[in-house]
Amino acid sequence: MSDKSRLPKVDENVQSATEKYFIRKAEALRYKEGRKVALLRNKNTIMGLGLFGAVLTIYGYTMYAVRRGKLLEDFDKVAE
């Protein structure tokens, strides 16, 4: 990365109390939003794994039923 793309360093001693207050407030907000994103990512991962497990179970049962020739019998029972 070039030095031009980086923000210049700011001396904390030169900043006023108001600037420090708003910087802390912005950092707290960024941290809070980051926690929300992390929590949402965890929920999405759990949901994805659950759906994958359900699909895999349905696929497995279908293959098992077709191999035993039982799948078409299940459909005939529903039709009656």
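Residues numbered from 1 in each chain as written. Predicted model: local features only at pLDDT ≥ 70, side-chain atom pairs only at ≥ 80, totals over all residues. Heavy atoms only, no water.

A. The overall build of the protein chain, seen in detail. A tally of regular secondary structure across the protein chain gives 2 helices and 0 strands. Scored against the burial criterion, the 80 residues of the protein chain give a buried share of 4%. For the protein chain, the exposed surface amounts to about 8,100 Å²; the carbon and sulfur share of it is 63%. (Helix = DSSP H or I, 4+ residues; strand = E, 2+ residues; numbered from the N terminus. Buried < 20%, exposed > 50% of the residue type's maximum accessible area, 1.4 Å probe, protein only. Areas by Shrake-Rupley, 256 points an atom, 1.4 Å probe, with all protein chains shown as cover.)

B. Quick look at helix α1 (residues 17–68). Its 52 residues give α1 an end-to-end C-alpha distance of 77 Å, which sits within 8% of 76 Å, the value for a rise of 1.5 Å per residue. After α1 finishes, the residue Gly69 shows a positive phi value of roughly 75°. (Expected span 1.5 Å × (residues − 1).)

C. Here's a closer look at the pattern of salt bridges. Taken as a whole, this structure holds 1 salt bridge when the rule is applied. Across the salt bridge formed by Lys36 and Glu33, the nearest N and O atoms sit 3.7 Å from each other. Taken together, the residues Lys36 and Glu33, both in helix α1 and 3 residues apart, mark about one turn of the helix. (Salt bridge = Lys/Arg side-chain N within 4 Å of Asp/Glu carboxyl O.)

D. A look at a nonpolar patch on the surface. Together, Phe52, Leu56, Tyr59 and Met63 make up a nonpolar patch on the protein surface, roughly 450 Å² of accessible area in all. By the element assignment, Phe52 lies in helix α1. (Patch = residues over 30% accessible without salt bridge, like charges linked within 9 Å, V, L, I, M, F, W, Y side chains within 5 Å.)

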